[in-house]
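Structure assessment
Single-letter residue listing:
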Amino acid sequence: MTGGHAPGASNAFDAARRALRGLVVAATVRIHRPVVGYALEEPGTFLGSGFFVAPNWVLTCAHVACGGEGGEVAVVYETAPGRGTSAAPGRVVATLPDRADGAGRPLPAGNWPAPDLALVQLTEPVDDHECVYVSERPAAYYGEGRVLYAGWTENEGRLQVMDGTLTVQGTIGGWSSDVQMRLGDNDLPYGVSGGPVIDPERGEVIGVLKARSDHRPGGTSTGIEQLRTLRVPAEAVAEHSDLYQAVFHAHDRYHRDRQRHPASRRQTWTDVQGRLGARPGRTLSPDERIQLLGRLAELPPPESTRGLLDILDSLPDFQALTPLPAPRGWRDGLGALYESASDDGALELVLDYAMRAMSAPRPFVVPSTPDAEKALWVWVWQAAQRLGARYRSGLAEQRIERLRRRDEAERDAPDTVSGGIHPADGPGGRRGHRRGGPDARARARSVGSVARPSALLELVRRGWEPDRCDWSVSVAAPGGEVVRLHEAERTLLTELPTHLAGPLGEAFRHCDEPGRPALLQVALPHALLGLEVDNWQLAPGEAPLGALRPVVVRCSDRDRLPDEAFGAYGGGEPDDRGEADGAGGAGGAGGVDGAGGPDYLDDLDDLDDLDAERRARWRWLHAHRARAEVLDCDEGLRKPVPTVEQLRALAHGTVPVLCRYGDLRYEDDAEALARIVLGGYGVALWRRRRGRADAVCGEFHRGTIDGIAEPPTAQHLPEAVHELRMRLRAGRTESFWADGVALLYDDPHQPLPGTGDLLEAP
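1. With respect to the overall build of the chain
Scanning the chain from terminus to terminus reveals 19 helices and 23 strands. The proportion of buried residues among the 762 residues of the chain is 54%. For the chain, the proportion of contacts with a sequence separation of at least 24, taken over those separated by at least 6, is 71%. Counting only carbon and sulfur atoms, one obtains 50% of the accessible surface of the chain, whose full area is about 32,500 Å².

2. Focus: the pairing of strand β17 (residues 551-555)
Within β17, five of the five residues are buried, which leaves it mostly tucked inside the rest of the structure. Both strand β16 (residues 520-524) and β17 contribute to a ladder of five bridges, which runs parallel. Of the residues in β17, the one forming a bridge with Q521 is V552.

3. Some remarks on the side chain of H249
Assignment of secondary structure puts H249 in helix α3 (residues 243-259). Owing to a relative accessible area of 5%, H249 belongs among the buried residues under this scheme. A distance of 3.2 Å separates a polar atom in the side chain of H249 from the backbone oxygen of A297.

4. Description of the confidence of the model for the chain
Considering every residue of the chain, the mean pLDDT works out to 81; 79% of them sit at 70 or more. For the stretch residues 757-762, pLDDT sits under 50, and the model shows zero contacts to residues farther than four places along the chain or on other chains.

5. Remarks on the environment of P138
Along the chain, P138 turns up in the loop between β6 (117-122) and β7 (145-155). As for P138 and L324, which are separated by 186 residues in sequence, their C-alpha atoms are 8.0 Å apart. If sequence neighbours within four positions are ignored, P138 has contacts with E225, R228 and P323.

6. A short note on the packing of helix α6 (residues 305-314) against helix α7 (residues 330-338)
Close contact between α6 and α7 brings their axes to 11 Å; oriented N to C, the two are set at 30°. Overall, the two elements α6 and α7 adopt an arrangement that is roughly parallel. Where α6 crosses over α7, the handedness of that crossing is right-handed. Only W330, G333, A336 and L337 of α7 make contact with α6, whose side of the interface consists of L308, I311 and L312. Along the lines of polarity and charge, the residues of the contact of α6 with α7 split into six nonpolar, one polar and no charged.

7. A closer look at the sheet that holds strand β5 (residues 85-96)
Read around the closed barrel, six strands run β1-β2-β3-β6-β5-β4, paired in antiparallel fashion. For this sheet, the mean inter-axis angle between neighbouring strands, taken without regard to orientation, is 40°. The pairing of strand β4 (residues 72-78) with β5 spans seven bridges and is antiparallel. Bridge pairing in β5 places V76 opposite A87. Sheet strands in contact with α3 are β2 (46-54), β3 (57-60), β5 and β6, and its direction is about 70° off that of β2.

8. Some points on the packing of aromatic side chains
This structure, assessed with the given rule, holds eight aromatic pairs. Ring geometry for W618 and Y745: centres 4.8 Å apart, planes at 65°, overall edge-to-face. Of this pair, W618 sits in helix α15 (residues 610-621) while Y745 is found in strand β23 (residues 741-745), placing the two residues 127 residues apart along the sequence. Like W618, the residue Y745 is buried in the burial classification. In this structure, R30 is placed above the aromatic ring of W152, and the distance from its NZ or CZ to the ring centre is 4.8 Å. We note R331 situated over the ring of Y133; from NZ or CZ to the ring centre the distance is 5.9 Å.

9. Some points on the side chain of D352
Tracing the backbone through its elements, the reader meets D352 in helix α8 (residues 346-358). The side chain of D352 sits in the buried core without any salt bridge; R356 is the nearest counter-charge, 4.6 Å away. Here D352 is in contact with L315, P316, Y391 and Q398, once residues within four sequence places are set aside.

10. Some details on the environment of V365
Turning to its location among the elements, V365 is positioned in the loop between α8 and α9 (369-383). When the C-alpha positions of V365 and E239 are compared, they lie 9.7 Å apart, and in sequence the two are 126 residues distant.

11. Re the packing of α6 against helix α12 (residues 496-511)
The contact between α6 and α12 brings their axes to 5 Å, and the two run at 60°. When the interaxial angle is binned, α6 and α12 end up oblique. Contacts between α6 and α12 pair T305, R306 and L309 from the former with R509, H510 and C511 from the latter. When its residues are assigned to classes, the contact of α6 with α12 shows two nonpolar, two polar and two charged.

12. Here's the deal with the pattern of salt bridges
Any two side chains of opposite charge can pair, so long as their charged atoms come close to each other. Evaluated as defined, the whole model comprises 46 salt bridges. A salt bridge links R256 to D257; the shortest N-O distance between them is 2.6 Å. The buried category is assigned to R256, whose relative accessible area is 3%. Residues D310 and R306 are paired through a salt bridge, measuring 3.0 Å at the closest nitrogen-oxygen approach. A residue pair is termed a helical-turn pair when its members lie 3 or 4 positions apart in one helix, as D310 and R306 do in helix α6 at four residues. What you see here is one network of salt bridges that share partners, running through R462, E465, R468, D470 and R490.

13. A short note on unusual backbone geometry
Residue P97 is reached from L96 by a cis peptide bond, and omega for that bond is -5°. Mapping P97 onto the fold places it in the loop between β5 and β6. Here the amide bond leading from A114 into P115 is cis, since omega sits at 5°, within 30 degrees of zero. The residue P115 is located in the loop between β5 and β6 in this model. In this structure, R490 takes a positive phi of about 55° despite not being glycine. Turning to its location among the elements, R490 is positioned in strand β15 (residues 482-492). Looking at R490, the relative accessible area reads 38%, which means it is partly exposed.

Criteria and cut-off values
- Residues numbered from 1 in each chain as written.
- Predicted model: local features only at pLDDT ≥ 70, side-chain atom pairs only at ≥ 80, totals over all residues.
- Heavy atoms only, no water.
- Helix = DSSP H or I, 4+ residues; strand = E, 2+ residues; numbered from the N terminus.
- Buried < 20%, exposed > 50% of the residue type's maximum accessible area, 1.4 Å probe, protein only.
- Contact = heavy atoms within 4.5 Å.
- Areas by Shrake-Rupley, 256 points an atom, 1.4 Å probe, with all protein chains shown as cover.
- Pairing = 2+ DSSP bridges.
- Polar contact = N/O pair within 3.5 Å; in protein donor to acceptor, adjacent residues only side chain to side chain.
- pLDDT = per-residue confidence, 0-100.
- Axes fitted to C-alpha atoms, helices over the stretch in contact; angles between N-to-C directions.
- Parallel < 35°, antiparallel > 145°, perpendicular 65-115°, else oblique.
- Left-handed = near helix turned anticlockwise from the far one by under 90°.
- Nonpolar A, V, L, I, M, F, W, Y, C, P; charged D, E, K, R; others polar.
- Phe/Tyr/Trp six-rings, centres within 6.5 Å; stacked < 30°, edge-to-face > 60°.
- Lys NZ or Arg CZ within 6 Å of the ring centre and 35° of its normal.
- Lys, Arg positive; Asp, Glu negative; His and termini not counted.
- Salt bridge = Lys/Arg side-chain N within 4 Å of Asp/Glu carboxyl O.

Rendered as structure tokens:
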């Protein structure tokens, strides 16, 4: 059978398949414990397989690479068939998931959870090895069919390389960010874990063999796109600052350089892909693609995943859903176009993307960046010759206009933050540009975090299992759109940080911008508002969440609080201030900037409408300076939190503050927070006293009064609290008063998903 090809075509196709297998085997390596001499031929030191993904970089499974000692391994490879093996020392520099000890060394091998990947960097330069071609498309897009694989195994007492085919039998994880492929119809012997999985139709590596099945032939593989979840550096000042970008830029430049090498007679991956008939994105030849990827790899990487997603969203004909994990590099963005490209507009889509990459803001620039931009333009112009004269003319005008706008943005980029919010001292304040580029941090700081996409974590406590919760992680756009990324059920509250590390990391990549980590909103029932989310550590040795980014809480059950809360909620008699507690304590008619209430609420027809009142308070706080009002403490003496009606009478410029949270008080903490929520407040602050009943609190009172009044509006309070937490982490004594501080920041104009839905019994 010829499979639909003419006999001659079939023979040529089979020859291309054989050539592809030769390239795969040449790039497949074996991993050993770090020994010397003939011991590398002994099966006893053999740990598993891997493959060169870029010059001097090996990709394998974490459970394979971490079988060495202290992260050190030996990589054994063949330079060509029949030439024997060579060995080079290597070091494990990253694993997924990240399971390093406090010193950054990978933990010993074991039953690693998905995605179970490791990057090994050779510690001595090697220039005579083959590298695989890695697909820019996620493995989840690969349909049913057969794949190739390769790896090393022990056979009759000798270590030998092997390859074969496997059938794709589905996925594990669906479209979630931890998808794995189920493979079958062939036995996978011990040792092939860590080897490559290849799409034989396109000639691209799409995955890494992870495990073999105990009860059936085959096993599982992990998509290489999981490497997108590698840790994002806090500051990128050079290509090598970001491991992901460094590896894949080197990958793309390698294949571009191999393809255009004038003196080489060796077949390249690009040659074989052309013989297989691959047509990336329905419009590019393999040679055109690698020339484009090589030029993109000469540019600095995108400023952030968020910036790359914005570029994709700006393309007029881009309609595909964003894959998970989200694209991170220029090559990932190109791969995302493939699922959206139509036959009649595919090339325009690619060229529009390349134009945006050419003129995008840079996290840094190097002396060769202008030349790289010119080289990309030359490629775009040559490719556009297939299109009409009008389109080509538009491209030239677009290039001039885009570069002009970028130059203006560089000149106009602000260097400081207005309104008293100051960037933290230390390394985070350095410019990430090597020369004359825009200060990305300053641009990001000019817009508060609440005006940009944010990560949203929602927790729902299980009533019959109060120590467990259901949860979800989403990305929330400023306009109110919420895209859910991950969800789970019945997780122990005490184990939440461990389960959240991966999903939150993906959400942060969707939202973070250079120098400005995105806001994390945590939606909690009122009884859990005191959960110390800002103190969670998502990885061993990592700083708490609150020191890494702005973290705020929201009340998810505002509409379901007990009816008795509208009364005194157990509040007893008013204190000796009587009506003054509401009318003048926080500003009344003579409070913050004259913030009284009814005189300034033109759009508020009914003061008894709690929702309208809540929105009015929010709008006032985001147009004027706020003023702190400590509700439960008077110069160190406990006092009852005002009733809901008394709280509603406070001026709209008021931010309620609780000093005695966690202390013995007239009402419990949940009641105190419920009153604040029902009083119509979307912004409030408290500190967890951690059992310090007799602690002096004057510094806390002074700090909150000054700290809340300093920003021009409440929009900047999440950043102000974040900065306090960073200074605490750095041991700055002037910030010690803020130890344990938490911020309620609950925007009524952006309701949580499902708010207001009617619930029906199942």
